[in-house]
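# A closer look at the structure
Next come the chains, spelled out residue by residue.
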Amino acid sequence: MSSENGFEPRIVAFLCNWCSYTGADLAGTARMKYPANVRTIRVMCSGRVDAQFVMKAFAEGADAVLISGCHTPSDCHYQEGNFKALRRYYLLKKMLPQFGIEPERLRLEWISAAEGDKFQEVCTEFTEAIRKLGPSPVKKGVKNG
Amino acid sequence: MADNTIKIKINGFEVEAFDRQPLIEVAEKIGVKIPTLCHNPIIEPYGVCRICTVEVRHRNRVRMVTACNYPVTNGIEVFTDSERVIRNRKLIIEWLLGRCGNVKVLNDLAEQYGITEPRFGRGTDDCILCGLCVRMCQDVVKANVLGFFERGPKRYVSTSFDQTSDLCITCGACASVCPTGCIKIDKLEEGTYKEMPMGPVTPIHIDFMQAVPKKAVIDKESCINFKTGGCKVCVDVCEAEAIDHSMEAKEKEVDVGTIILSTGFKLQNGEELKEYGYGKYPNILSSLDFEVLNNANGPTGGKIFTQDGRVPKSIGIVHCVGSRDKKYHEYCSRVCCMYALKFAHLIKEKIHDCEVYNFYIDMRCFGKGYEEFYNRLLKEGVNFVRGKVAEITDAALDKSEQGKLILRAEDTLIGTVRRIPVDMVVLCLAIEAQEDAKEVSHFFSCSVGRDGFFIEKHPKLAPVSTAADGIFIAGVAQGPKDIPDTVAQAGAAASAVLSLIQQKEVEAEVVTASIDEEICSGCQICVGLCPYTAITYNKDKNISELNEALCKGCGTCVAACPSGAAQQKNFRDNQIFAEIKGILAV
Amino acid sequence: MAYRSHILLCSGTGCVSCGAFTLKETLKTELQKRNLQDEIQVVTTGCQGFCAEGPIMIVQPDGIFYCQVKPSDVPTIVEEHFIKGRPVKKLLYTGAAKATPIPALKDIPFFAKQQLVVLRNRGLVDPDKIEDYIAVDGYSALSKALTEMKPEAIIAEIKRSGLRGRGGGGFPAGIKWETCRKAYLQRNVEPVVICNADEGDPGAYMDRSIIESDPHAVLEGMAIAAYAIGAKEGFIYIRHEYPLARQRLLNAIEQAKEYGLLGENILNTNFSFNIEIVQGAGAFVCGESTALMASLEGEVGEPRAKYIHTVEYGYKNRPSNLNNVETYANVPLIILRGSDWFASMGTGDPRENPWNGSSGTKVFSLVGKVNNTGLIEVPMGISLREIIFDIGGGIPKGKKFKAVQTGGPSGGCLPESKLDMPVDFDSLTEAGSMMGSGGMIVMDEETCMVDVARYFISFLTEESCGKCTPCREGLRTMLDILNRICEGKGKEEDIAFLEEMGEVMQDCCLCALGTSAPNPVLSTIEYFKNEYLEHIKNHKCPGGVCKELITYVIDKNKCDGCHACTKVCSSNAIKGEAKKLHSIDTTKCIKCGACIEVCTKDAIYKE
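Let me begin by describing the structure that accompanies this report. All values derive from a computational prediction rather than experimental measurement.

## A few points about the environment of Tyr374(B)
Residue and element names in this part refer to chain B. Mapped onto the fold, Tyr 374 is located in helix 11 (residues 370-380). Assessed through the 18 C-beta atoms surrounding it within 10 Å, Tyr 374 is described here as partly exposed. C-alpha separation for the pair Tyr 374 and Ile 204, spaced 170 residues apart in sequence, amounts to 42 Å. Excluding residues within four positions of it along the chain, Tyr 374 makes contact with Leu 341, Met 363 and Cys 365.

Structure, rendered in structure tokens:
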């Protein structure tokens, strides 16, 4: 897990109960290894992910945020919650730079209940990307301030 | 009915009958067989072959009448084999032999009546002009294709102008009633074997012997009544009066509380595997084709024949076709090994000297008694070749391969490539999820895996439940499995369903949203977002109100509420904030 | 304007084909030329019956009978008869013996022994004029029936008269009507009245003649039957080959409707009746009731089993009363003159039981080897001898009588020993023949009875519908065997075999065509067995008919070598120099008989 500069990013993942969380569970039961950098929070639906949650996560020192829900267009257990998440995601992508946060630090992924391996891939690849990107500027600022 | 009953005498025996009942029926009732060639109970009597002519006496009057259409009346005396009757009958048989000397029914009758050499010689025609086909076509089927032409001795049966008739619906009814078998239906075109694996079926049939409920159905496409409005022979024959051609397929709505999805599977299309030549060469069968061929109710009555009617001397069975194969399906179809062994066993049982070759990657005999069965087959002399078949071809390299199907495979146990010529190949094709499994899963709010099988809620803790409450799964729809596993899983699903029903009440969704009246500003953002119309706007109070019974607890409204009036039980904003804080604390 | 004289010109089919219409025009022109058109009227009448002597004309009121009149004779007739007042001798009937001419119709033996009931109006009325028919009491029977009689009374009267079906079966018409009416009342299904005018027997033309000479009699009879039974609809099923008869019927129906004698509310009563004419396609078997009705319905004219009678379930399953033309034509007179009068004619007393005897008269068409061929009407019970020798004038050219065939193609051949037998339904049937519709074919000594049987069987084979086995196969095999016998290849057991086949056919055939078809064979075997044996054993044809069994020979003593025969011989079989004896090469001779016809010395004969 160690890297060149010894930076270990902390990633908050909001997973919907029906697809992505189950997918993550599958990855677990299937003993698929993914980086411990990802810390998951279960919500009933990706549509429940309030923009505040993302901002709060960054404020609390997260280096990146992953939102994951059921596949569009029709996998959502609540019919269309994933589309609502998608709308907020685009909004946040525009908003984050205003706070000095690189938009790459936020990701939205569709992971189904069967895709344990995809969850593993996404986590591994996202962690690697953030590791390269370095720590969140917010954290620095907090530290500095 | 009583006053309609009369008494007649047949060959001296007194018989009760209905007034004007056809004589032949009455005679048959007491077991007196009167020969006839032009009579069929489903067609109006015609009385033309005259072989059924019998003697009727009534008050000094002697008449010769045809039994098939003579209506009996009280007090008549019938003699079915008096000297005069026999003389007449013999001459009529001779006459007919003079026209059709080689027809079996006539020769049988001739033998019965001791006619060795007919005095008129033997004619070569094979139509005895009984008119059954014509009447079948005109009166019953109402297709009006067949008719009589010319008259007197030149009379013959044909179609208009002796041309192939467009009116013919190829129902085959004419051929089915022809007593001489002189009407033939041209050979079915090639390819129909694939379309009709069970062989041609009659329009009214029981789908298969194991059908539930085991009841006959009428195929609208081929039933004559739906083409010409005629026939309805089945209606007359059915004593239970169960047949109604006016019945229409109906859609029924049933209210249920729980549903078990057991939509089964589909067998992979063998033509996808070009290298195995399924659909290209004859005698390459899918496992299901073979199951049909081998079935006692199948087209051959359970006898194993090649398509040109030979008994195969060697059969190759290829395991893992499309399964355990990166090109098609990575998963193992689970059942092939064992049914392939069953096939091998049955082939050996039916054709003792048949060489059976099993081509396998691994033998997966995982169940109770399975390994023992495998060992038994080894002793029965079934050949096992460990290696995946590379291709199946009919290109012969030498004489021994000519006219055969050659399986080319690497035998990994002896380390060489082998060519094994056989007469028939059975492909153990992969079990696939139903094509529409994904649509079905959307419909029931559950999900399917990448391979298309339904996903259970939890492999160990909730193996028959799905993500949706009240929706359960069982059988191969969930994943490949054999019959014992399917039955076990179905039992589990049934009991899961029953336990829900037993509770008599449903647990409401816990994680519903709520709206704090005090805080709500009545902006109505949440109203438009709710996919379940659980939120309505109360004009008087200028607030939005939530119906908890309708709320499914997705939390979309909570995420969107600008004032924080909307909250979700167990997922309140501050709970999640605390969670975020908690996981980032370290 | 009153005419002083009428010329009754026969316009039956026989006379018309001999030029009766041209004759009429010539007569009219001639009369005009002599300015006699207002004094003498030319009337075309129906068939006079004496067809052998056509064209025929009768001059009334003198009753002078002229025969074989040609247009060239017309000026002489007008000049001699109408201006000078003396009959033209050379056109009078002389008889076969070329004796003294007989000027008056009533004195000619051909007419003298006849008794006209059905043909009462022949030569009297113009068939195209309803007024003529009404003038001779036409339609008064219908009027009497409708106004004075109840249906039941009519049926009783017909039953009492003993009128039996003239179509061949001889079933009492009264009983048939009664059954039909009963079926109608029981089931309340409207019955129909059908007239069978599908006369198919070769050489028979009684029905055609009746229709052509007196169509209204048939219509009136049908109307009375319809009233008695309760029908409102009637059909006349007529052969396609009878265009003149059909035309006269159509015309008659039209006129009857105009006069209110057919159609709605006939004679201002509640009774309505319409008749439709249906043309058959000329199949012999359509004379059979079930086949006729099938044809009437538009189906193929084939018979069906008759265990359920057509009188109860016939045309479109309605009660159907089917009678023959002649039967209907008898009806008006029975109603008018009463059953006693009708029963007094013929044999037996049918008044208690209509099966008892044969009352009334019967029309026969007398043809074949007889001097006076033609249509005759005689009382039932007259002997065959009277018909053939008195009315028919005996056998031509002094030949010997051999047989007479009655009842059409499926009738039987009766020998000389039966000549004194009374002609009625039961006697004929008993003798192995039948009444049939009234064909009577006389055969002389030059007829081969095996060939006759073969001819009729061949006709019936052509006409068999082929539906049932015994008729189809039986006729075919019978014909094969008869052909064989006629070719001299017969076997002795063939006779017994033919008899066996005949009996089985009588037992087993579906319709009357089949059951009666063996009659010609069975009756010739019964009465002329020796001829069969002669063919089979000695390979000889006593009648000199069967070509395979005869040779033509030239009499050495008679031939004078005139070459007449060599000129007509189409196969160059006769050789010989002029004035020297000729000879016939039997290998080339096709036995056409042309040489015999031309030989003036009677030197050629058959052996």
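Structure's up, so let's keep going.
## Notes on the interface of chain A and chain B
Taken together, the contact pairs 31 residues of chain A with 28 residues of chain B. Those elements giving two or more residues to the side of chain A that touches chain B turn out to be strand 2 (38-43), helix 2 (51-59) and helix 3 (81-95) of chain A. When the residues that make up the side of chain A that touches chain B are grouped by side-chain class, the tally is 14 nonpolar, eight polar and nine charged.

## Points about the pairing of strand 19 (residues 424-429) of chain B
Residue and element names in this part refer to chain B. Extensive coverage of strand 19 is indicated by the burial of six of its six residues. Judged by which residues are buried, strand 19 turns out to be covered on both faces: Met 424, Val 426 and Cys 428 on one side and Val 425, Leu 427 and Leu 429 on the other are all buried. Of the strand pairs in this sheet, strand 13 (residues 314-321) and strand 19 are connected by five bridges, and their pairing is parallel. Bridge pairing in strand 19 places Ile 317 opposite Val 426.

## Details of the interface of chain C and chain B
The interface of chain C with chain B comprises 24 residues on the first partner and 25 residues on the second. Of all the secondary structure elements, the ones that give two or more residues to the side of chain C that touches chain B are helix 17 (449-463), helix 18 (469-486) and helix 19 (493-508) of chain C. In terms of residue count, the dominant contributor to the side of chain C that touches chain B is helix 18 of chain C (eight residues). Looking at side-chain class alone, the side of chain C that touches chain B contains 11 nonpolar, six polar and seven charged residues.

## Comments concerning unusual backbone geometry
At the junction of Val212(B) and Pro213(B), the peptide bond is cis and its omega measures out at -5 degrees in the coordinates. Its location among the elements puts Pro213(B) in the loop between strand 8 (204-206) and strand 9 (216-218). With an omega dihedral of -10 degrees, the bond running from Gly54(C) to Pro55(C) counts as a cis peptide bond. Along the chain, Pro55(C) turns up in the loop between strand 2 (40-45) and strand 3 (57-60). Although it is not a glycine, Gln79(A) adopts a positive phi angle of roughly 75 degrees. With respect to the helices, strands and loops of the structure, Gln79(A) is situated in the loop between strand 3 (64-69) and helix 3.

## Describing the packing of helix 6 (residues 140-148) of chain C against helix 10 (residues 215-229) of chain C
All names here are of chain C. Here helix 6 crosses helix 10 at 10 degrees, and the two axes come no closer than 9 Å. Regarding the angle of helix 6 to helix 10, the classification is roughly parallel. Listed contacts from helix 10 to Ala 141, Leu 142, Ala 145 and Leu 146 of helix 6 are Glu 220, Ala 223, Ile 224 and Tyr 227. Tallied by class, the residues present in the contact of helix 6 with helix 10 amount to seven nonpolar, no polar and one charged.

Basis of the calculations
For every chain, the first residue of its written sequence is number 1, and the numbers climb from 1 along that sequence. Labels are handed out in written order, letters beginning with A for the chains and numbers beginning with 1 for the ligands. Only residues with pLDDT of at least 70 are given local features in this predicted model, and only at 80 or more are side-chain atom pairs given and counted; all residues enter the totals for whole chains, interfaces and linings. Starting at the N terminus, helices and strands are each numbered in turn, a helix being any DSSP run of H or I of at least four residues and a strand any DSSP run of E of at least two. To assign burial, the other C-beta atoms lying within 10 Å of each residue's own C-beta are counted, with C-beta atoms placed from the backbone; 20 or more indicates buried, 12 or fewer indicates exposed, and intermediate counts indicate partly exposed. Contacts here follow a simple rule: the backbone-placed C-beta atoms of the two residues must lie within 7 Å. Charged means Asp, Glu, Lys or Arg here, nonpolar means Ala, Val, Leu, Ile, Met, Phe, Trp, Tyr, Cys or Pro, and polar covers whatever is left, Gly included. Two strands qualify as a pair provided that DSSP identifies no fewer than 2 bridges between them. The axes used here are C-alpha line fits, helices contributing only the stretch in contact, and every angle between their N-to-C directions lies in the interval 0 to 180 degrees. When describing relative orientation, an angle under 35 degrees is termed roughly parallel and one over 145 degrees roughly antiparallel, while 65 to 115 degrees is termed roughly perpendicular and anything else oblique.

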